[in-house]
Amino acid sequence: MADVLSQSQIDALLKSMQGGGGDAPQDNTEKEEKAAASVKQEKETIKYNKYDFYSPRKFTKDKLKILTSVFENYARIITSRVNGVFRVMTDITVMEVQERRYYEFVNSLNENDLVTMVNTIIPNYNRKLVPLMIYVTPGLVITLIERMLGGGEDVIKVKPGYRYSDVEIALYRRILTYLIQALKDGFSNYLSMDFEAQRIEENPSMIQDVGVDETVAIILLNVDVAGLAVERIRICMPGNLLESIFQVIDTRKHLAKGYAFEDNRETILENIRQSQLPITGQLGTVALDLSDIYHLKVGDVIDMNKPKDRDVKVFIGRQPWFTGKMGVYKKNVAIQISQRLFEDEEESPDGVSSGEEGISLEGEERLAASE
């Protein structure tokens, strides 16, 4: 009985016959050559960042990670703020945080772009700080202005180098206020700072606050507007400003949030004074076998090899601090302090260290030290 060929098998057979037959190995070879050529072309198109050995990096990867964490938090905050205030569905994420030269930030801007200069205020920090710079692409600004004026849900696209009118500049200030206020919340996990708008520069090339070759950190935020447009927010933080911020963070990272060591010394000492420590009176130590301890009964006597009126050591926690006489004070077992011990006197008179395993004889009630 003859086998019945499927339609796909018939098509493959006809294709092989049209190609002259027996061309499968050549086809595989051609595919392999094309794949190798595409891989080679992909390798050639890979771009690597050039490292300038004449101007090495100022900030380590750990510092840039802190900065990335700050602006990831900032991106989440302004996403919810823009969506709530302007009724625009946006998704703002951090694309990159890189250390660059200031001229790279300026060269990426057009002549008519607006750059907002923002003052940074660190409490109890007297040095003058260089302002940071924020640039928002015109498409995002015009879309938000359209929503502020009661426009529809359309996303407005404008060409690079768009020139704002006077009315749009006034509304631009209002929009940037929301973005600047969120910077404080972005840094709140590391440092308490305030930010306020200083001025708006209409020609970025005329900004003289930062040197052209000065090191800066450029933070690029991607803004997806309702899935219909992609806009950008660029933040430039000068190197001097970053050095001051990281210096304050390093000095305070081991302290509680909102506290300064110099200003809270008395508060810390007052909290220590109110702490409670156990006090133990120890006449001596003795080592017993486990079998002897197991067979102890009520009325048995343990010989401490010391007279009962011998001075006892007073332990604060596990450290010997004083010696005193055992007695009674207001019907309570008490110890009258007679001498203070020092670190070199921790060895007991009979050669047994106070840190060895032994039995510590304590009163059934809490011992009270008489004055």
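See the structure above.
Let us look at the structure shown here. (Residues numbered from 1 in each chain as written. Predicted model: local features only at pLDDT ≥ 70, side-chain atom pairs only at ≥ 80, totals over all residues. Heavy atoms only, no water.)

This part covers the pairing of strand β2 (residues 115-121). For β2, the tally of buried residues reaches six of seven residues, placing the bulk of the element in the interior. By the bridge criterion, four bridges tie β2 to strand β3 (residues 132-136) in an arrangement that is antiparallel. Across the sheet, residue Val 115 finds its bridge partner in β3, namely Tyr 135. The pairing of β2 with strand β4 (residues 194-201) spans seven bridges and is classified as antiparallel. Bridge assignment links Asn 119 to a residue of β4, and that residue is Glu 196. (Buried < 20%, exposed > 50% of the residue type's maximum accessible area, 1.4 Å probe, protein only. Helix = DSSP H or I, 4+ residues; strand = E, 2+ residues; numbered from the N terminus. Pairing = 2+ DSSP bridges.)

Considering all chains together, one arrives at nine aromatic pairs under this definition. Arranged with centres 6.3 Å apart and planes meeting at 35 degrees, the rings of Tyr 102 and Phe 105 form a pair that is tilted. With Tyr 102 and Phe 105 both in helix α4 (residues 102-107) and three residues apart, this pair spans about one turn of that helix. Comparing Tyr 102 with Phe 105 shows no difference in burial state: the two are buried. Seen in terms of ring centroids, Phe 187 and Phe 195 are 5.8 Å apart; in terms of plane orientation they differ by 35 degrees. Their pairing is tilted. (Phe/Tyr/Trp six-rings, centres within 6.5 Å; stacked < 30°, edge-to-face > 60°.)

Reading across from one edge, β1-β5-β6-β3-β2-β4 is the order of the six strands in this open sheet, with antiparallel pairing throughout. The two strands at the open ends of the sheet, each matched to only one other strand, are β1 (90-101) and β4. Sheet twist, expressed as the mean angle between neighbouring strand axes with direction ignored, is 25 degrees. Bridging between strand β5 (residues 215-225) and strand β6 (residues 229-238) involves 10 bridges; their strand directions are antiparallel. Bridging from a neighbouring strand, Leu 220 pairs with Arg 234 of β6. Packed onto the sheet, helix α3 (residues 61-86) meets β1, β5 and β6 and runs at close to 150 degrees relative to β1. Its contacts with the sheet place helix α6 (residues 166-186) against β2, β3, β4 and β6, and it is angled at close to 150 degrees to β4. (Axes fitted to C-alpha atoms, helices over the stretch in contact; angles between N-to-C directions. Contact = heavy atoms within 4.5 Å.)

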